[in-house]
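Given next are the chains, with one letter for each unit.
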Amino acid sequence: MVIPVHDVNPVRRTPVVTYALIAANVLVFLFMPGLSGSVAGDSTLAQTCHLHAFLEQYAAVPRELIHHQFPQVVPTGDVRAGGCLVGPPQYDKSPALSVLSAMFLHGGWLHLLGNMLFLLIFGNNVEDRMGHVRFALFYVACGYAASYGFAVLNADSGDPLIGASGAIAGVLGAYLVLYPKARVWVLVPFLVFLPLRLPAWLVLGFWFVLQAVYSSGEGVSAVGTVAYAAHVVGFLAGMLLAWPLKPGTPPPPEPRGLLFGRRARPRHTW
């Protein structure tokens, strides 16, 4: 898997929505119960129970989204007899709103940082093309499409679905439609990490193919731990929603730098 680090595609205005989304995701993660200990590797049972109760209330669950079937007992956040205490839920949960809250929850630092890296690199240009308000609505729409798409394919699952990956996959799909020829600096693991500047259609197309393959269960040993199908649905939703904007999208700047024998001075550092 290649790791994108920068794209050669300047923006005309400050991507305030992209920055706000990144800040919101980081802040929510920092205040999620139980994660401070898990990051350091020393989670207590009380922290784990608190986290399970929090996710049960705020994460999206396919069975709830599709069938509106809610558990009779849920973790309360308390500890009893060496385990997590369960009891009747003391809250009313809206499945539709849980999709929105789940988009700002992450299961660990790697999950968070990976998502925010992709959003930072590709979100600014999509926001620049759409405008702030439309981009915010687009982001949420892709997140909902990804969550409900995954839920349709896993309608009986009671596992919580969290993360911004589905919405960000929509951003990647839109970027592929709007800026397929933009150049993206990536790190390619080959003994060491090799920096290369590749066209966006190759980087994002390869990413999408991997998600599609993984969603079928091929090439992974634990497909159930990552909602690859949500990535696929979100990506396709982003492409579809961005397609009407394609004719008016200005072309990316002419690439400058050394790639495949072409020499020039670099436009950006990374």
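Nothing here was measured: the structure is a model prediction, and the numbers come from that model.

Criteria and cut-off values
Residues numbered from 1 in each chain as written. Predicted model: local features only at pLDDT ≥ 70, side-chain atom pairs only at ≥ 80, totals over all residues. Heavy atoms only, no water. Disulfide = S-S within 2.5 Å. Helix = DSSP H or I, 4+ residues; strand = E, 2+ residues; numbered from the N terminus. 1 Å grid on protein atoms, 1.4 Å probe; cavity = no way out; pocket = protein on both sides within 12 Å on 5 of 7 lines; lining within 4 Å. Points joined across faces, edges and corners; volume = space filled by probe spheres on them. Nonpolar A, V, L, I, M, F, W, Y, C, P; charged D, E, K, R; others polar. Pairing = 2+ DSSP bridges. Axes fitted to C-alpha atoms, helices over the stretch in contact; angles between N-to-C directions. Phe/Tyr/Trp six-rings, centres within 6.5 Å; stacked < 30°, edge-to-face > 60°. Buried < 20%, exposed > 50% of the residue type's maximum accessible area, 1.4 Å probe, protein only. pLDDT = per-residue confidence, 0-100. Contact = heavy atoms within 4.5 Å.

Caption draft 1: Broad picture of the state of the cysteines. Evaluated as defined, the whole model comprises 1 disulfide. Between the sulfur of Cys49 and that of Cys84 lies a disulfide, 2.0 Å long from S to S. Handedness here is read from the sign of the S-S torsion; for Cys49 and Cys84, about -90 degrees, the answer is left-handed. Here Cys49 is found in helix H3 (residues 45–58), whereas its partner Cys84 is found in strand E3 (residues 83–87), with 35 residues between them in sequence.

Caption draft 2: Molecular detail of unusual backbone geometry. Within the chain, His68 stands out as a residue other than glycine whose phi angle is a positive 55 degrees. Here His68 shows up in the loop between helix H4 (62–67) and strand E2 (74–80).

Caption draft 3: Fine view of the layout of surface pockets. The computed volume of the largest pocket comes to approximately 1,000 Å³. Lining of the largest pocket is provided by 44 residues; of these, His111, Ser165, Val226, Ala227 and His231 occupy positions nearest its centre. Taken together, the elements giving at least two residues each to the lining of the largest pocket come down to strand E1 (3–8), helix H6 (109–130), helix H7 (132–153), helix H8 (165–178), helix H9 (200–215) and helix H10 (228–242). Here the lining of the largest pocket gets 6 residues from one element, more than from any other, and that element is H8. Its residues placed into classes, the lining of the largest pocket shows 27 nonpolar, 16 polar and 1 charged.

Caption draft 4: Quick peek at the sheet that holds strand E5 (residues 192–199). Sheet architecture is open: 3 strands sit in the order E1-E4-E5, paired in antiparallel fashion. Both outer strands of the open sheet, E1 and E5, are each paired with one neighbouring strand and no more. Between one strand and the next, the sheet's axes are offset by a mean angle of 25 degrees, whatever the strand orientation. In this structure, strand E4 (residues 183–190) lies alongside E5, joined through 8 bridges in antiparallel fashion. Note on E5: the bridge partner recorded for Trp185 is Arg197.

Caption draft 5: A look at the packing of aromatic side chains. Taken as a whole and assessed by the stated rule, the structure comprises 12 aromatic pairs. Taking 4.8 Å as the distance between ring centres and 70 degrees as the angle between the ring planes, the aromatic pair formed by Phe29 and Trp109 counts as edge-to-face. Here Phe29, found in helix H1 (residues 16–31), pairs with Trp109, found in helix H6; they are 80 residues apart in sequence, far enough to count as distant. Overall, Phe29 belongs to the buried group, its relative accessible area being 2%.

Caption draft 6: Seen up close, the confidence of the model for the protein. Of all residues in the protein, 88% have pLDDT values of 70 or greater, and the mean over the chain is 87. Here helix H2 (residues 35–40) stands out as the least confident element of the protein, with mean pLDDT 52; H8 is the most confident, with 98. Confidence drops under a pLDDT of 50 for residues 257–270, and excluding neighbours within four residues, the segment shows 29 contacts in the predicted structure.

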